[in-house]
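# Observations on chain architecture
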Amino acid sequence: MGRFEPEKMVGRVLMLFSITAVVVLLLIMLFIFNAGLPLFTKVGVLDFLFGTRWVPSKDVYGAFQFIVAAFMVTFGALLIAVPLGLSCAIFLSEIAPRWAKNIVRPAIELLAGIPSIIYGVFALVIIVNAAHITFNLATGETILAASIILSIMVLPIIISISQDAIEAVPRLYREGSYAMGATDWQTIHRVLLPAASQGIVAGVILGMGRAIGETMAVVLVIGNVEKFPTGFLVPGETLTSAILLEMGEAVVNSLHYRALFCLGIVPFVFVLVLSVLSSRLISRNHERFE
Amino acid sequence: MKSLVCFVIALTLFGGCVGKDSKDLIISGSTTVQPIVTRASETYSTEHPSVRIGVEGGGSGTGINMVAEGSVGIGASSRELTAQEKTKGPDLVTTTVAIDCIAIVVNPSNTIKDLTLQQVRDIFSGKIKNYKEVGGPDRPIVLVEREDGSGTRSMFESMVMGKTDVSDGALQKPASGAIRFTVAGNENAIGYVGIGYLDDSIKAISLNGSSPDEENVRNKRYPLSRNLYLITKRQPQGISKDFIDYILSPEGQDIVKHEGFIKIKP
């Protein structure tokens, strides 16, 4: 029997807790795959991924239109959020006076804390109607509306990670650039942005993961039409909104239930790949300046 | 010593997560039946303060599944059991507690007042794309329907659509309230909701000249009505029986009426 060592004990307890997170992740993975994958004994993988008809009552499960809509919504959101977020990050890290920083930074963090259902209701009342009137559409519930609200939701992620990346660029780089007679703008876009590029890309990737998984705000504004989306001004239905709409009514362990879990596997795998990618980019960004 | 304290605190926090649900009766299922059950459970609890009732939504399918699994005492459903559900839960007993009626609704600014069932079918199948084809204003038609598996949707599909499919261009909404919201906000929209969801923000269309109201539902002149059920595993007994009896009592049926549904007897 060794002596009672408090230090070691605390260490072990904390380790136990942190392992719990990993175990939970593995269990969730196991559960989702276990519930979803048996679908492929009845439905072909290619039919599922590239089929465009989704008729649960006839056991036809083609998810291509959901996949395409999810990616359209996500890339649409990034198209809006990346330029905005990057400019904001540059402003905060290089240009903003202290008082402006003290207002903008907390406001952005607050933006990240708003529940997604609130974004959804806001978008349903404001953005959907704006799209309805502006583009003279039959309905404003469109992929565009979902992209716009998602872009606001991913802004905080892109801004804070890009800002950190830009601020991590050593002082030496800046001073070297100014010493050679470069202007502020030349320093920013020739020196700082290239130096911080990996961190910025990591922020964008994390934002992408957030966008593709977001459900509540999207389901309220996208219209949920199981038709192949032909553009940004038509309604669509994403992977996650299909799950939300149909899970309550799917009989447990039926083919429909399994198909819905398979819909979940798609963004799950996608987000998994994205987060591995982004964490490697972030750590490489830090290594570069050490 | 410090670590011991930490450990105890951690244990307490963990232990706190494991709570026991102290509800005596849980009712889950159709969001159509939910307002009746919620209101009834409130008044029932004031008369029986010792009984606690929890009401959950989730849809008819969920309610039926959960009562079959035994995880809730009563399931609420706005449709009859499917053959599949009957084989899965052969001992399920359904009790009719109210009559619901589906109304076809449009935006109040729409001049259409009356349609035939055939016209409604052609509108929802996508064959008719503009209101002017059925005597209305020159506006494109935006269809709004419930999600696949909804009790209201399956009622609409069996009573109106028959073998025809609803157009795949229809917007899908997860609740009747969401359909009302969409139709109230879009002058092009047409949808369907339970009669309990009708209010001034939307306009109900009459079918073959009969408007969706109690009299027309009772004498079967208005074609789209259905029974609402509470479902128990085996014959209701104990608190479940007492609660279902309460909803069937005159007081309970007043609640049914108050919530916008139709009493099972006049």
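Every value quoted in this text rests on a predicted model; they were computed, and no experiment measured them.

This part covers unusual backbone geometry. Residue and element names in this part refer to chain B. Unlike most non-glycine residues, K220 shows phi in positive territory, near 60 degrees. Examined against the element boundaries, K220 turns out to sit in the loop between α8 (214–218) and β10 (225–233). A relative accessible area of 66% places K220 in the exposed class. Even without being glycine, R234 reaches a positive phi, approximately 60 degrees. Looking at where R234 falls in the secondary structure, it is placed in the loop between β10 and α9 (238–248).

Below, the discussion takes up the interface of chain B and chain A. In this assembly, 32 residues from chain B lie in contact with 32 residues from chain A. Here chain B packs against chain A, burying approximately 2500 Å² in sum over the two surfaces, 56% of which is carbon and sulfur. Here chain B is connected to chain A by 2 salt bridges. The partner of K58 of chain A in a salt bridge is D165 of chain B, with the nearest N and O atoms 3.6 Å apart. Scanning the region where chain B abuts chain A turns up 8 residue pairs in polar contact (both at pLDDT 80 or more). Mapped onto the side of chain B that touches chain A, the elements with two or more residues apiece are α1 (2–17), α3 (60–69), β7 (171–173) and α7 (176–185) of chain B. Ranked by residues supplied to the side of chain B that touches chain A, first place goes to α3 of chain B with 5 residues. For the side of chain B that touches chain A, the residue count by class is 9 nonpolar, 15 polar and 8 charged.

All names here are of chain B. The pLDDT averaged across chain B works out to 86; a share of 91% of its residues lies at or above 70. Element-level mean pLDDT values for chain B span from 47 in α1 up to 95 in helix α5 (residues 117–125). Confidence drops under a pLDDT of 50 for residues 4–21, and excluding neighbours within four residues, the segment shows 5 contacts in the predicted structure.

What counts and how
- Residues numbered from 1 in each chain as written.
- Chains lettered and ligands numbered in written order.
- Predicted model: local features only at pLDDT ≥ 70, side-chain atom pairs only at ≥ 80, totals over all residues.
- Heavy atoms only, no water.
- Helix = DSSP H or I, 4+ residues; strand = E, 2+ residues; numbered from the N terminus.
- Buried < 20%, exposed > 50% of the residue type's maximum accessible area, 1.4 Å probe, protein only.
- Contact = heavy atoms within 4.5 Å.
- Buried area = accessible area lost by both parts, 1.4 Å probe.
- Salt bridge = Lys/Arg side-chain N within 4 Å of Asp/Glu carboxyl O.
- Polar contact = N/O pair within 3.5 Å; in protein donor to acceptor, adjacent residues only side chain to side chain.
- Nonpolar A, V, L, I, M, F, W, Y, C, P; charged D, E, K, R; others polar.
- pLDDT = per-residue confidence, 0-100.

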